[in-house]
Amino acid sequence: MENKPLEFQTDLTQGLSIDEVNKRLKEYGYNEVPEHRESLAKKIAKKFWGLTPWILEATAIFTYIIGRYLDCYIIVALLIVNAIIALVQEERASRAVELLKQKLQVQARVLRDGNWTVIPAREIVPGDIVRIRAGDFVPADLRVVDTSDMEVDQSALTGESMPVKKSRMDLVYSGSMIRRGEATCCVVATGLKTYFGKTVELVQTARPKLHMEEIIGRIIQVLLYIVITLIAAMLIFTYLRGLSIIPIIPFALMLIVFAVPVALPAMFTVSMAYGSLEMAKNGALLTRLSAIEDVASMEVLCADKTGTLTRNKLVITEVIPVGEHTEEEILLCGALASQEANRDPIDLAFIESAKRKSIDLSKFSVQKFIPFDPSTRRTEAHAICEGEQIVAVKGAINTLCSLSGTLLNETMRSKIDDLAKKGYRALAVGRSVDGRPYDLLGIVALYDEPRPDTKDLIEKLREYGVKVKMLTGDAIPIAKEIAKRIGLGNRIIPAGDVAKSFETSPEEAAKLAEESDGFAEIYPEQKYAIVKSLQAKKHIVGMTGDGINDSPALKQAEVGIAVSDATDVAKGAAGVVLTNEGLGAIVNLVLTGRSVFQRINTWILNKIVKTIEIAVFSTLAFLITSHYVLSAMDVVLFLFLIDFVTISLSTDNERGSQTPEVWNISSLVKLSVSLGIFTILELFVLYFIGTKYFGISPGSPAITTYFFTAIMFFGLLIPILVRERSHFWSSRPSNTLLMAIIADFAIVSVISSFGFGLIPRIPIDIVGFIIAYAAFVMLVINDGIKVLLGRIGIRR
């Protein structure tokens with residue numbers, strides 16, 4: 001790859017002006033690649049043939065062959081309308097996902113008008129001065145202006161497995177990833193004009209199959225087997241009675257269609273997308289939709305102290321000089337060993353303190369800056385001032401004591417212990433002049449106070465069955481003090497204990513991790529061992545992280561959560577990215593995830609009860625009376641009209657459980673089968689009333705409309721019945737679900753009363769009676785049965 005010459009000259013201390021940025025945005029456009037979009041007609045065609053089962057199309061063809069042209073035309077028309085409705089719903093959901101993708105786009109640190117700021121990477125232009133560091137995705141083709149031992153991973157672009165070192169004037173290509181070091185660079189190409197012509201996003205475009213989808217798939221398979229068995233019984237009965245088999249075929253096809261959920265893909269897409277939007281509004285963005293299911297089941301949350309449990313705004317509260325050194329010396333060297341462009345809280349605390357003390361840094365020329373590395377636990381800067389070579393260092397006290405060969409006396413150690421008891425974080429500052437040995441200048445106390453709502457939010461998570469464990473790099477005394485203030489237990493252990501046991505005795509590591517309330521003196525690499533240890537105890541684990549070294553733990557955890565200021569690599573590895581700091585977003589994340597889980601539970605119950613209601617009842621009625629109580633057209637109309645309600649379930653106001661969600665398929669099946677059996681009995685009572693008191697003949701066309709009306713009203717009330725564990729009035733359905741049910745009630749009442757050539761009409765007073773009967777048996781009798789079943793352990 002040839003290096004391109006520097007195409008734009010920019011003031012490296014000021015960056016571009018806003019006017020110049022706007023000018024170049026007009027000239028070069030945004031840093032993005034247009035995506036291919038299908039035509040509307042093609043999308044509708046896909047929905048027609050792909051969303052609905054092929055059996056509907058086969059039924060339309062069969063009805064045409066046997067000369068029932070009106071039925072054929074109606075089925076085709078309903079298929080087209082259904083495809084359009086599904087398309088509209090999924091398009092709305094897709095737009096929601098696109099919105100999330102925009103929010104998850106890579107951010108860039110840019111120098112403009114002399115100020116460092118963070119903007120979406122798509123808004124950078126050629127000539128911009130940007131800062132990249134370890135963990136970042138490179139947002140454009142960049143020319144390196146200044147660097148400190150930067151290594152770049154280009155494997156996604158070139159296939160090279162080893163990181164490549166980059167020096168001044170080298171090109172760094174869009175889409176690669178910074179593995180080590182950092183650099184100031186000038187943008188030379190964006191969007192389609194980059195060497196590889198690709199943009200980088202953190203959201204996954206391919207949706208992995210959800211565990212709940214697999215469970216529903218198995219349930220549907222069982223329902224299909226039941227329906228096929230019932231059809232076989234009808235065929236045998238018809239043959240033995242010497243009846244014509246032709247009328248059974250379209251009806252049998254419709255029963256098979258009923259077992260296969262036409263609206264399931266749309267319902268899943270809409271439910272997941274709307275759940276994602278709910279989470280986004282509360283400060284949590286999903287990088288994969290399947291994370292919703294994991295969030296609902298999360299039992300343990302390992303939360304970083306800094307930024308999640310605390311404010312992540314460090315202030316220097318005390319400076320303790322060593323020997324004859326002064327506070328100004330300490331703050332000066334601490335500020336030199338800091339980089340404002342990185343927006344690191346510790347660096348910013350030193351720089352702000354130096355500014356408040358009016359300490360002049362302008363006479364120092366920084367030649368080299370080495371950012372904080374967890375393996376060395378220090379930051380250093382090489383500078384020149386009036387001919388002197390100065391190396392300023394700040395970092396862990398033990399690290400700088402070892403570097404300078406200093407032994408702290410008892411008085412100093414006592415002061416450091418007192419700082420830890422107050423919850424203060426202590427760092428050491430040192431320097432070396434003209435190659436002489438390092439000198440320890442002093443100790444600096446920094447404080448990041450807990451967020452005012454952290455204690456209450458931890459208690460709230462505890463009430464919902466989620467245990468919070470704190471992760472911090474602080475020493476144990478500091479960690480214990482913070483844990484005490486935020487309401488965690490006092491069982492704080494060194495993270496190294498779990499990591500060591502994980503290698504030698506995984507069982508011991510699992511026990512340590514499970515019994516502790518927090519982990520102190522943690523290195524990012526040790527988070528992985530903690531996650532694996534908790535998973536060994538069968539826990540569903542959430543893990544927060546922000547750095548490149550947190551990626552393995554974020555990927556391993558069922559719920560990897562990248563905090564708001566996380567590196568791009570951490571965001572890419574996580575399933576959830578927070579846009580707000582603190583636990584509030586995580587609490588909302590749990591509640592929304594459980595709500596989505598319960599919507600799927602409602603769908604399962606609704607599906608099983610309806611299948612039993614129609615398939616089993618219509619088959620038993622045929623076997624007993626030798627007459628059909630439903631026609632194929634009735635089932636088609638039912639499928640079409642009920643789809644509005646099925647899709648509306650994805651937006652319902654479901655209340656999540658007080659404990660982490662788990663799949664209890666056995667209980668769901670028992671509950672739905674029990675309710676289905678009672679529904680069948682109630683329909684036979686309605687059959688008796690219709691034939692005995694309303695004078696409807698068993699073999700007449702009116703009997704099919706009578707039961708079409710009944711199964712519609714029963715079917716519309718089933719979601720109201722099963723959405724609540726307690727009585728149906730315990731919570732209000734969403735406006736969307738309620739309006740869909742009311743609209744369907746009105747449409748069915750009109751169709752049944754007037755027919756319109758679709759079905760035989762029945763008197764409006766009979767329609768009114770069926771509405772009253774359905775409401776009574778579903779919302780009074782069956783609701784009471786549901787509550788009684790719940791008391792003996794058969795519940796959703």
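Notes on the structure in this doc start here. In every chain, residue numbers begin from 1 and rise along the written sequence. Per-residue local features are limited, in this predicted model, to residues with pLDDT of at least 70; the limit for side-chain atom pairs, both in listing and counting, is 80 or more; totals at the level of whole chains, interfaces and linings are taken over all residues. With hydrogens and water stripped out, all remaining heavy atoms of the structure feed into the side-chain values.

This part takes up the packing of aromatic side chains. In this analysis, rings of Phe, Tyr and Trp, with Trp reduced to its six-membered ring, are considered paired at centre separations within 6.5 Å, and the interplanar angle assigns stacked below 30 degrees, edge-to-face beyond 60, and tilted for intermediate values. What the rule picks out here adds up to 17 aromatic pairs. Between the aromatic rings of Tyr706 and Phe707, the centroid separation amounts to 5.2 Å while the plane-to-plane angle is 90°, which identifies the pairing as edge-to-face. Three exposure classes are used, based on accessible area relative to the maximum for each residue type with a 1.4 Å probe and protein chains only: buried under 20%, partly exposed in between, and exposed over 50%. With relative accessibility at 0%, the residue Tyr706 sits in the buried group. Look at Phe728 and Trp729: their rings are 5.4 Å apart centre to centre, the planes differ by 75°, and that puts the pair in the edge-to-face class. By relative accessible area, Trp729 is classed as exposed at 57%. Put simply, the rings of Phe617, Phe684, Tyr687, Phe694, Tyr706, Phe707, Phe714, Phe769 and Tyr773 touch in pairs and so form one group of aromatic residues. In our convention, an over-ring charge means Lys NZ or Arg CZ found within 6 Å of a ring centre and within 35 degrees of that ring's normal. In this arrangement the basic side chain of Arg377 is found over the ring face of Tyr523, its NZ or CZ atom lying 4.6 Å from the centre.

This paragraph deals with the sheet that holds strand E17 (residues 492-494). Paired strands, in this sense, are two strands between which DSSP finds at least two bridges. Every helix listed is a DSSP run of H or I at least four residues long, and every strand listed is a run of E at least two residues long, numbered separately from the N terminus. Here eight strands make up an open sheet; going across it, the order is E8-E21-E20-E19-E9-E16-E18-E17 and the pairing mixed. The open sheet has two edge strands with one neighbour each: strand E8 (284-286) and E17. Ignoring which end each strand starts from, the neighbouring axes of this sheet average 20° apart. Both strand E9 (residues 300-304) and strand E16 (residues 467-471) contribute to a ladder of five bridges, which runs parallel. Between N-to-C directions, angles cover 0 to 180 degrees, with each direction set by a line fitted to C-alpha atoms, over the stretch in contact for helices.

This paragraph deals with the environment of Ser731. With respect to the element layout, Ser731 can be found in the loop between helix H25 (701-722) and helix H26 (735-754). Residue classification places Ser731 among the buried residues on the basis of a relative accessible area of 14%. Residues Ser731 and Asn653, spaced 78 residues apart in sequence, show a C-alpha to C-alpha distance of 8.0 Å. With residues up to four places along the chain from it excluded, the contact list for Ser731 reads Arg655, Arg723 and Glu724. Whenever two N or O atoms come within 3.5 Å, that pair is a polar contact, provided that in protein one can donate a hydrogen and the other can accept it, and provided that, for residues adjacent in sequence, both atoms are side-chain atoms. A distance of 3.0 Å separates the side chain of Ser731 from the side chain of Arg723, its partner in a polar contact. Between two residues, a contact is recorded if the distance between any of their heavy atoms is within 4.5 Å.

What follows covers the nonpolar core. Soluble globular proteins: nonpolar side chains tend toward being buried together. In terms of nonpolar packing, the biggest core is built from 87 residues, with Ile604, Tyr706 and Phe707 touching the most fellow members. Counting residues per element, the ones that place at least two in this core are helix H6 (211-241), helix H7 (248-259), helix H22 (584-625), helix H23 (632-648), helix H24 (665-692), H25, H26 and helix H27 (764-791). If you tally residues by element for this core, the top one is H25, at 15 residues. If near-sequence neighbours (up to four positions away) are discounted, Tyr706 is found in contact with Leu686, Ile689, Gly690, Phe694, Ile696, Ile762, Ile766 and Ile770. Joining through side-chain atoms within 4.5 Å is the link that ties buried Ala, Val, Leu, Ile, Met, Phe, Trp, Tyr and Cys residues into a set, and such a set is a nonpolar core. With 38 residues, the next largest nonpolar core counts Leu286, Val295, Ile458 and Ile492 among its residues.

One side-chain nitrogen of Lys or Arg within 4 Å of one carboxyl oxygen of Asp or Glu is enough to make a salt bridge. Counted under the stated rule, the structure contains 24 salt bridges. Among the ionic pairs, Lys357 bridges to Glu327, the shortest N-O distance being 3.3 Å. Linking Lys357 in the loop between helix H12 (345-356) and strand E11 (365-373) with Glu327 in helix H11 (residues 327-336), this pair joins segments that are 30 residues apart in sequence. The shortest N-O distance in the salt bridge between Lys467 and Asp517 comes to 3.7 Å. With Lys467 in strand E16 and Asp517 in the loop between helix H18 (506-515) and strand E18 (518-520), the pair connects residues that are 50 residues apart, well separated along the chain. For Lys467, a relative accessible area of 31% translates into the label partly exposed.

In the sheet, E11 pairs with strand E12 (residues 378-385) via six bridges, with the strands oriented antiparallel. Residue Phe369 lies in a different strand from E12, and its bridge partner there is Ala381. Hairpin connection between E11 and E12: a loop of four residues separates the two successive antiparallel strands, and Arg377 in this loop has a positive phi of roughly 55°.

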